[in-house]
Amino acid sequence: MRLNVGSIDRMLRIIVGLVLISLVFVGPKTMWGWIGVIPLATGLIRICPLYSILGINTCPRK
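Presented here is a report on the structure given in the accompanying data block. The structure presented is a predicted model; accordingly, all values stated were derived computationally and were not measured.

## Concerning the packing of aromatic side chains
Two measures describe an aromatic ring pair: the distance that separates the ring centres and the angle between the ring planes.
Thought 1: Going through the model one piece at a time under the given rule, you end up with one aromatic pair.
Thought 2: Between Phe25 and Trp34, the aromatic rings sit 5.9 Å apart at their centres with planes inclined by 85 degrees, giving edge-to-face as the arrangement.
Thought 3: Here Phe25 falls in the exposed class, since its relative accessible area comes to 54%.
Thought 4: Between Arg13 and the ring centre of Tyr51, over which it is positioned, the NZ or CZ distance is 4.8 Å.

## With respect to helix H2 (residues 37–45)
Thought 1: All buried positions along H2 are accounted for by Pro39, Leu40, Thr42 and Gly43.
Thought 2: In this structure, the buried residues of H2 make contact with helix H1 (7–25) and helix H3 (49–54).
Thought 3: Trailing H2 by a residue or two, Arg46 shows a phi angle of about 65 degrees, which is positive.

## A word on unusual backbone geometry
Thought 1: One non-glycine residue, Lys29, adopts positive backbone phi at about 55 degrees.
Thought 2: Its place among the elements puts Lys29 in the loop between H1 and H2.
Thought 3: Unusually for a residue other than glycine, Arg46 sits at a positive phi of about 65 degrees.
Thought 4: Following the sequence through the fold, Arg46 ends up in the loop between H2 and H3.

Quick notes on the rules
Residues numbered from 1 in each chain as written. Predicted model: local features only at pLDDT ≥ 70, side-chain atom pairs only at ≥ 80, totals over all residues. Heavy atoms only, no water. Phe/Tyr/Trp six-rings, centres within 6.5 Å; stacked < 30°, edge-to-face > 60°. Buried < 20%, exposed > 50% of the residue type's maximum accessible area, 1.4 Å probe, protein only. Lys NZ or Arg CZ within 6 Å of the ring centre and 35° of its normal. Helix = DSSP H or I, 4+ residues; strand = E, 2+ residues; numbered from the N terminus. Contact = heavy atoms within 4.5 Å.

This is the structure we're talking about:
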């Protein structure tokens, strides 16, 4: 698979993922915070399967 997540998109995904995961431990302490694993993982590996399906590419590299 080709990289399709750019640097700004990557930073936002990692931040949102960490914030959502932190909700499991602080704040409302619901299990819904584990949904943050998805943006965190796609930010770390720089590949988003949904972007691949939709043909979106925010990565400037070819």
